[in-house]
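# Residue-level structure breakdown
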Amino acid sequence: MKRRAFLKLSAVAGTSLMIPHMVNAADIDLSGVRFNSATYQKNKAQVIMIFLYGGPSELAGNLTNIEAIKKASQSKYDQYFRSITPTSNHFWQEAGGTFMESLLASGDLNIFRTCYSKVREENNNKSHGKCVAQNQRGRFVGEGEGIFTTLGQILQKEGIINQNTILPFVTMEGESGFYGKGDRTVPGFLRPVGVGKNLDNPYARGSTNRWYYYTEAERQVPGYETNTTAAINAKMDQLAQSINEEGPIKEAFAQRGKLEDFINQIKTRPLPAGVTYPDRNSFGAKLQTAVKILTANPDTKVISLGNDGLGGWDDHNDARNYVTRMENLFSALNAAMTHIKAEGKANEISIMVFGDFGRNVNLNSALGWDHGNNQNFYLLGGRNYFRSTAIIGETELYNPNRLNRLYLRPKAGSYWFEPLSIAATIYKIFGVENPEVLTEGYGAIDGGLFV
């Protein structure tokens, strides 16, 4: 969508209408960041971030070691799970594996099986809060702002995002650590705009002609209730201009109608021919909306999604529903990639999927998995900047002979990376040449990934 066809958003419209005027972010030194505008322009990167809160098991994407796991596990896998069928690439067929194979065959999926934290292993850190904060901020130490708050500051510093940019950051999960705040004030237009799966329009007044739009005297005039929506909006816009003082609120109300039209254009954007999302999969509805926003609006750089529509991933007990959740997740991802390619955006848009941490592979007495470390990082699309490197990383089963501790770790000599490298990868695709200065020295994911 062309910006001028929408409007020239003022600083007021960019903040007052969407979010609180100013927010706090940690004081991060950006002076050492080397930014390459040519890389930014070439990549045209847009990201859908899917964070699986609770820490998903890696087994859906890695059954390489399943026979050894079955023999060593406390509870018996074959007696509990209805079926565990490895695909040709060792995905769990019933847990999204068929879709993974399809995405892999079409060159749309990279799966890293060894996102592993040596730092956490050495410090015995497997708590939800700390791991989520570290993953979403790209740092082990301290709190500070999240990855996307930092990214926004960089893009603003480079003159790419300003008060005229349309919806640069969108969240479909509410507030999260990705947009974490610290001590330094930054412009409100860098904060995310929250939308729901049905793209409910926050700027619409509605189409119903309601009595409370009128004064008591006006309601005495016969036929007042037959006024059109346009007439009501004109009345309310005139009222907003007459009762508000000069300044941000008044100017923001002046833009309301144009903002409403913009959201409605995205909402009514039809799916390309042949694109269908799975029925009865509400996560798929969220993902469809995210793809619609990105394909309609190149100004949007990032959309973040959470667990809504899938359920949580903290499978300490009764882990059988994990299979259904993974199937729902990857059926939606498969549809999303079909959608993205049909819109001609597979080069620009990438989808990233990971969570708090991995889980042990010991099926415990409660028929679940306890907190672990090694996890899968799923990466789809983004062909302007990512190669199709397919499956990266090999694992081995490790048994420390402690109660409930049976887990996978990177095989000796296999490529692996700390979770902070995901943050560095995000910074890199948006043009940062030395992302390690923002991530405690951990660089972007390697393994031949980058074009």
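Attention here is on the structure that accompanies the text.

### Digging into the overall build of the protein chain
Across its full length, the protein chain holds 15 helices and 12 strands. The buried share of the protein chain, taken over its 451 residues, is 55%. Considering only contacts within the protein chain whose residues lie at least 6 apart along the sequence, 75% involve residues at least 24 apart. Counting only carbon and sulfur atoms, one obtains 48% of the accessible surface of the protein chain, whose full area is about 18,800 Å².

### Regarding the pairing of strand S8 (residues 349-355)
Most of S8 sits inside the fold, with 7 of its 7 residues counted as buried. Residues Ile 349, Ile 351, Val 353 and Gly 355 point to one face of S8 and Ser 350, Met 352 and Phe 354 to the other, with burial holding for every one of them. Note: strand S2 (residues 46-52) against S8, 7 bridges, orientation parallel. Residue Met 49 lies in a different strand from S8, and its bridge partner there is Met 352. Across 4 bridges, S8 lies against strand S9 (residues 375-381) in antiparallel orientation. Each bridged residue has a counterpart across the sheet, and for Ile 351 the counterpart in S9 is Leu 380.

### Quick notes on the nonpolar core
In this structure, Ile 50, Tyr 77, Phe 81, Met 326 and Ile 351 are the most contacted members of the largest nonpolar core, which totals 66 residues. Top contributing element to this core by residue count: helix H14 (residues 321-342), with 11 residues. The contact partners of Ile 351, leaving out residues within four places of it in the chain, are Ile 48, Ile 50, Leu 333, Ala 336, Met 337, Ile 340, Tyr 378, Leu 379 and Leu 380. Grouped together as the second largest cluster of nonpolar side chains are 45 residues, Leu 151, Ile 154, Ile 422 and Ala 424 included.

### Here we look at empty space enclosed by the protein
Per the counting criterion, the structure on display carries 3 cavities of 30 Å³ or more. Quantified by volume, the largest cavity comes out at close to 60 Å³. Together, Leu 52, Pro 56, Ser 57, Glu 58, Met 326, Val 353, Phe 354, Gly 355, Gln 375, Asn 376 and Tyr 378 line the largest cavity. In terms of residue class, the lining of the largest cavity is made up of 6 nonpolar, 4 polar and 1 charged.

### Examining the environment of Pro 192
Along the chain, Pro 192 falls in the loop between strand S5 (184-187) and strand S6 (193-194). Separated by 40 residues in the primary sequence, Pro 192 and Gly 152 place their C-alpha atoms 10.0 Å from one another.

Reading the values: rules and limits
Residues numbered from 1 in each chain as written. Predicted model: local features only at pLDDT ≥ 70, side-chain atom pairs only at ≥ 80, totals over all residues. Heavy atoms only, no water. Helix = DSSP H or I, 4+ residues; strand = E, 2+ residues; numbered from the N terminus. Buried < 20%, exposed > 50% of the residue type's maximum accessible area, 1.4 Å probe, protein only. Contact = heavy atoms within 4.5 Å. Areas by Shrake-Rupley, 256 points an atom, 1.4 Å probe, with all protein chains shown as cover. Pairing = 2+ DSSP bridges. Core = buried A, V, L, I, M, F, W, Y, C linked by side-chain atoms within 4.5 Å. 1 Å grid on protein atoms, 1.4 Å probe; cavity = no way out; pocket = protein on both sides within 12 Å on 5 of 7 lines; lining within 4 Å. Points joined across faces, edges and corners; volume = space filled by probe spheres on them. Nonpolar A, V, L, I, M, F, W, Y, C, P; charged D, E, K, R; others polar.

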